[in-house]
Every structure is written in structure tokens, then in C-alpha cells.
Amino acid sequence: QVRLVESGGGLVQPGGSLRLSCAASGRIYSIDDMGWYRQAPGKQRELVATITSGGGTNYADSVKGRFTISRDNAKNTTYLHMKLLKPEDTADYYCDAYITSLILTTYHYWGQGTQVTVSS
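Now for a quick tour of the structure. (Residues numbered from 1 in each chain as written. Predicted model: local features only at pLDDT ≥ 70, side-chain atom pairs only at ≥ 80, totals over all residues. Heavy atoms only, no water.)

**Things to note about the pattern of salt bridges**
Which entries qualify depends on this criterion: Salt bridges are defined as contacts in which a side-chain nitrogen from Lys or Arg sits within 4 Å of a carboxyl oxygen from Asp or Glu. For every residue, the accessible area obtained with a 1.4 Å probe (protein chains only) is divided by the maximum for its type, and the residue is called buried under 20%, exposed over 50%, and partly exposed between those limits.
Under the definition given, this model contains four salt bridges. In this structure, Lys64 engages Asp61 in a salt bridge whose closest nitrogen and oxygen atoms are separated by 3.1 Å. Asp61 shares its class with Lys64; the two are exposed.

Spelled out as C-alpha cells, the structure:
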């Protein structure tokens, strides 16, 4: 069984910083692209950032220059470093990953989400 578990969310003041983590566990052979999405109340889920297995990154325009995605392949973990947070960054943040298991089948997995609230 493969799982993605996020952590690091919470309440932060505008202008503050947070670091989200997403760790994959289970019978993993390899992990391809990993990413972060967010969903604010009443809105559709939207892409925040993605990172390839080789470290190539892609960001939503709304977070460029403020958020940084990274990954530690040895730990099967991706991180989202968020700075200069704004109230409009408030959302549930989800990580996703394309993971190949030990039986060499590849599936798209989602984490359970972690809440980020930016408010004074």
C-alpha cells in the first residue's frame, strides 16, 4: 500500500512563512513527478507547483517568487517552502505523485491535505 502524507500546515500571519512536507511510503520502486495543489473554500482545486524526478520545476503565476518546491529523493519527500504569504493563499494544500510500486505498476496518488490559513 502506497501512501502520501502531508504535514506542516497551520495558521500564519500575512507576510509569514511555512514549510509543507509530503512523504511517500509503502512498496515504492520509483517516484516520477510530484506536485502541490490547493483548494480554497468554494473554489476548484488549482495547481501550485510541480517538480520532476530530475528537479525541474513549474509554478502557478500567483506563487512565483514566493513559493519554492523541492524534493529529497532519498526520503521520498517533497517540500513546499512558502514565504510572503497572503490571505488569498488560504486553502487546503494537497500533494500528488506518480509512483511506481514494486510490482512495476504506476498510479497517481493524492495526499489527504493540510490546511493553511493566512490571517492576522
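Let us keep going from here.
**Thoughts on the packing of aromatic side chains**
Our working definition: Aromatic rings from Phe, Tyr and Trp, with only the six-membered ring used for Trp, were paired whenever their centres fell within 6.5 Å, and each pair was classed as stacked if the ring planes differed by under 30 degrees, edge-to-face if by over 60, and tilted otherwise. Note on conventions: DSSP H or I runs of at least 4 residues are helices, E runs of at least 2 residues are strands, and numbering of each starts at the N terminus. Look at NZ for Lys and CZ for Arg. If either is within 6 Å of the ring centre and within 35 degrees of the ring normal, a charge sits over the ring.
Following the criterion strictly, the structure yields two aromatic pairs and no others. The interplanar angle of 65° and the centroid separation of 5.1 Å between the aromatic rings of Tyr37 and Trp110 together place this pair among those described as edge-to-face. Placement of the pair is Tyr37 in strand S4 (residues 28–39) and Trp110 in strand S10 (residues 106–110), with a sequence separation of 73 residues. Sitting over the ring of Tyr94, Arg45 keeps its end group 3.8 Å from the ring centre. Here the guanidinium or amino end of Arg45 rests over the ring plane of Trp110, the centre of that ring lying 4.7 Å away.

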